[in-house]
Amino acid sequence: MNLRIPGPTPLPAEVLEAEARPMVNHRGAEFARILERVTARLKESFRTKGDVLLLTASGSGGLESAIVNTLSPGDPVLAVTVGAFGDRFAAIAEAYGTRLTRLEVPWGEAADPEAVRAALKKHPETVAVLVTHNETSTGVTNPLKEIAAAVKGAGKLLLVDGVSSLGSLPCPVDEWGLDVAVTASQKGWMAPPGLAMVSVSPEAWKAHEKAKMPRVYFDYKEARSYAERGQTPWTPAVSVFYALDAALEMMVRQGLDNFHARHAWAGDRVRQRVKEMGLQLFPAQERYASNTVTAIRVPASVDDKRLRRIMLERYGVEIASGQERLNGQIIRIGHMGFFTDADIEATLDALASALNEIGFRPVGASRA
Ligand SMILES: *Cc1c(COP(=O)(O)O)cnc(C)c1O
């Protein structure tokens, strides 16, 4: 089985084995050692000297934590959204009573740092900006470094959804000035779902002091204070900690830069072969195409459900459909976390064979 959806991702044997280990006391010495080791390695991976906190939740819980820990009801917030996950981050902020302005970009395009700068000039009262680094629903990676420069240049708090980028794509948190950056164990980390990992900058801690949003389970101060004693405030997903610990060990052994380079290779390879098949990438500009997930337009003559069913039933390859308004319009191939070269080639072979079975012929292609 070749699971090629953009999370949850397949797990290496070492990680599966680690996950199956017996329980320990989550308030004991062994868990404390694991928490300390995982946190230290995550800081290295995030390239931050600030705090990294682990919350038992999926990525969306991490996004909610960023809102409730740094903002107050009524705060003016700018949400930069380029797809379904940008909309979700905005919806969470809105549900908690922020005064939300949206900078919406057509799906398939990346956010323009100049447009962010202009929006902040037009709304100088803004206290925080929400942005998605890698928009998993459209296969677009935003130019986060430049967007961050615009946001930090204006002196605003920057909350980043890095759920499908941190770990697998370069995202140096301190260098770029990200105040809260959120990721999740089941995306680019070769680990199962269950943990959200969030970095918190000194500026975010300052915002936390004044933030009046209601919060209990996700309170960063509680998480930090327990972490100092090698614990979490609530019962953690112990098995996911084992798995993430083993995955980080592998990532460190491989080298974090090499891990990024593998994703860059996979992104290039998938785009190259997809174009050779006569298919069109969904991202409007290829330079913003993601190296963790590739979104591909479904040709008008092809039924995407049938295509995905053939790939799954005949070749054991599972890819993802489009979300929300992109359902039926695009397919998505995940290449984040753990994959071999052969996994990538087999996925592309299955796609080519399934297209052939359906009778798809790219415009202008000659019949063999
Ligand atoms: C997967 C994902 C999420 C949501 O994470 P869950 O773990 O499903 O809650 C949020 N943002 C992005 C960019 C994602 O890829």
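Residues numbered from 1 in each chain as written. Predicted model: local features only at pLDDT ≥ 70, side-chain atom pairs only at ≥ 80, totals over all residues. Heavy atoms only, no water.

(A) Highlighting the nonpolar core. In terms of nonpolar packing, the biggest core is built from 54 residues, with Leu42, Leu54, Leu178, Trp189 and Leu244 touching the most fellow members. Ranked by residue count, the leading element in this core is helix 10 (residues 238–254), at 11 residues. Among the nonpolar cores identified, the runner-up in size contains 33 residues, and Val77, Ile92, Ala184 and Trp205 belong to it. (Core = buried A, V, L, I, M, F, W, Y, C linked by side-chain atoms within 4.5 Å. Buried < 20%, exposed > 50% of the residue type's maximum accessible area, 1.4 Å probe, protein only. Helix = DSSP H or I, 4+ residues; strand = E, 2+ residues; numbered from the N terminus.)

(B) Looking closely at a nonpolar patch on the surface. On the surface, a nonpolar cluster with roughly 300 Å² of combined accessible area is contributed by Val216, Tyr217 and Trp234. Within the secondary structure, Trp234 sits in the loop between helix 9 (220–227) and helix 10. Using a relative accessible area of 34% as the deciding quantity, one classes Trp234 as partly exposed. (Patch = residues over 30% accessible without salt bridge, like charges linked within 9 Å, V, L, I, M, F, W, Y side chains within 5 Å. Areas by Shrake-Rupley, 256 points an atom, 1.4 Å probe, with all protein chains shown as cover. Salt bridge = Lys/Arg side-chain N within 4 Å of Asp/Glu carboxyl O.)

(C) Local environment of the domain arrangement of the chain. Taken as a whole, the chain is organised into domain 1 (13–253) and domain 2 (256–358). A straight line from the C-alpha centre of domain 1 to that of domain 2 covers 26 Å. Facing the 28 residues of domain 1 at the interface are 24 residues of domain 2. Applying the counting rule to domain 1 against domain 2 returns 1 salt bridge. (Domains from an automatic or database assignment. Contact = heavy atoms within 4.5 Å.)

(D) Focus on the environment of Asp75. With respect to the secondary-structure elements, Asp75 resides in the loop between helix 3 (59–70) and strand 3 (76–81). On the accessibility criterion, Asp75 (18% relative accessible area) is buried. Along the chain, Asp75 and Ala211 lie 136 residues apart, while their C-alpha atoms are 9.6 Å from each other. In contact with Asp75, not counting residues within four places along its chain, are Thr98, Arg99 and Val127. Separated by 2.8 Å, the side chain of Asp75 and the backbone nitrogen of Ser72 make a polar contact. (Polar contact = N/O pair within 3.5 Å; in protein donor to acceptor, adjacent residues only side chain to side chain.)

(E) Structural view of the environment of Glu324. Here Glu324 shows up in the loop between strand 13 (320–321) and strand 14 (330–334). Residue classification places Glu324 among the exposed positions, given a relative accessible area of 56%. Once residues within four sequence positions are removed from consideration, Glu324 is found in contact with Ala84 and Trp107.

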